[in-house]
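# Inside the fold
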Amino acid sequence: MSECIFCQIASKSIPADMVYESEDVVAFLDRHPVSPLHVLVIPRIHRETILDLSDEEWRGIHGAINTIAHEQGVAETGFRLVNNCGVDGGQTVAHVHFHLLGKRSHHWPPG
Ligand code: 5GP
Ligand code: ZN
């Protein structure tokens with residue numbers, strides 16, 4: 001079995017609050033939310049960072065984010081989309097994921 005925590009969430013070996021599932025992409029609530037809406041969007045396939053995604057995988061994730069933004073009610077109000085890439089980016093889970101943050105206003109620059 002994969003050691004990767006997000007692979008295990010995608011395969012339902014460990015539980016998470018799922019908000020979206022397709023053949024290629026899943027999304028679930030972050031266990032330590034930093035915004036009232038904090039969704040993690042991941043490819044089902046294990047890819048370490050955004051630099052490892054194919055064009056097709058990017059397209060699938062983009063489509064999922066579009067659907068999730070509408071379903072979660074932030075398409076009109078706006079939201080923040082974050083990807084932490086590698087050590088300097090602050091990535092702590094080595095399975096590429098996008099943080100979709102909403103339902104409050106977000107400021108710039110981030111911390
Ligand atoms: P990173 O710092 O790698 O960009 O973000 C990893 C995120 O994954 C963090 O916000 C953290 O709270 C979340 N996370 C880590 N492990 C789990 C888990 O087992 N379940 C859920 N739902 N979120 C997790
Ligand atoms: Zn993985």
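From a predicted model like this one, the values you see are computed outputs, not experimental measurements. (Residues numbered from 1 in each chain as written. Chains lettered and ligands numbered in written order. Predicted model: local features only at pLDDT ≥ 70, side-chain atom pairs only at ≥ 80, totals over all residues. Heavy atoms only, no water.)

### A short note on the coordination of the zinc ion (ligand 2)
As a reminder, the rule being used: Any nitrogen, oxygen or sulfur atom within 2.8 Å of a metal ion counts as a donor, with the limit raised to 3.2 Å for Na, K and Ca, and since water is left out, coordination shells can look unfinished. Square planar and octahedral assignments, for four and six donors respectively, both demand that opposite donors be over 155 degrees apart and that all other angles lie between 65 and 115; tetrahedral needs four donors with all angles between 85 and 135 degrees, and anything else is irregular. Classification of residues uses two cut-offs on accessible area relative to the type maximum, computed with a 1.4 Å probe and protein chains only: under 20% is buried, over 50% is exposed, and between them is partly exposed.
Protein coordination at the zinc ion (ligand 2) comes from Cys4 (SG), Cys7 (SG), His46 (ND1) and His95 (ND1), with a distance range of 2.0 to 2.3 Å. Around the zinc ion (ligand 2) sit four donor atoms, and with donor-metal-donor angles ranging over 106 to 118° the site reads as tetrahedral. As a motif over one chain, the donors of the zinc ion (ligand 2) read C-x2-C-x38-H-x48-H. Since its relative accessible area comes to 14%, cysteine 4 is described here as buried.

### Focus: the pairing of strand 3 (residues 37-43)
Applicable threshold: Helical segments are the DSSP runs of H or I of at least four residues, strand segments are the runs of E of at least two, and each set is numbered from the N terminus. One bridge is not enough; two strands pair if DSSP finds at least two bridges between them.
Burial within strand 3 is extensive, with seven of its seven residues counted as buried. Residues of strand 3 alternate between two faces, with Leu37, Val39, Val41 and Pro43 on one and His38, Leu40 and Ile42 on the opposite face, all of them buried. Pairing of strand 2 (residues 25-29) with strand 3, which is carried by five bridges, proceeds in the antiparallel orientation. Note on strand 3: the bridge partner recorded for phenylalanine 28 is leucine 40. Sheet analysis places strand 3 next to strand 5 (residues 98-102), joined by five bridges and oriented antiparallel. Looking at strand 5, one finds that valine 41 is bridged to phenylalanine 98.

### Quick notes on the sheet that holds strand 1 (residues 18-21)
Definition in use: Angles run from 0 to 180 degrees between N-to-C directions of axes, and those axes are lines fitted to C-alpha atoms, restricted for helices to the stretch in contact. Any two residues whose heavy atoms approach within 4.5 Å at even a single point are treated as in contact.
Spatially, five strands are ordered 1-2-3-5-4 in an open sheet, and the strand pairing comes out antiparallel. Only two strands of the sheet have a single neighbouring strand rather than two, namely strand 1 and strand 4 (80-82). When the angles between neighbouring strand axes are averaged without regard to direction, this sheet yields 20°. One ladder, built from three bridges, connects strand 1 with strand 2; its direction is antiparallel. Bridged to tyrosine 20 within strand 2 is alanine 27. Against the sheet, helix 2 (residues 55-71) engages strand 1, strand 2, strand 3, strand 4 and strand 5, with an angle of about 155° to strand 3.

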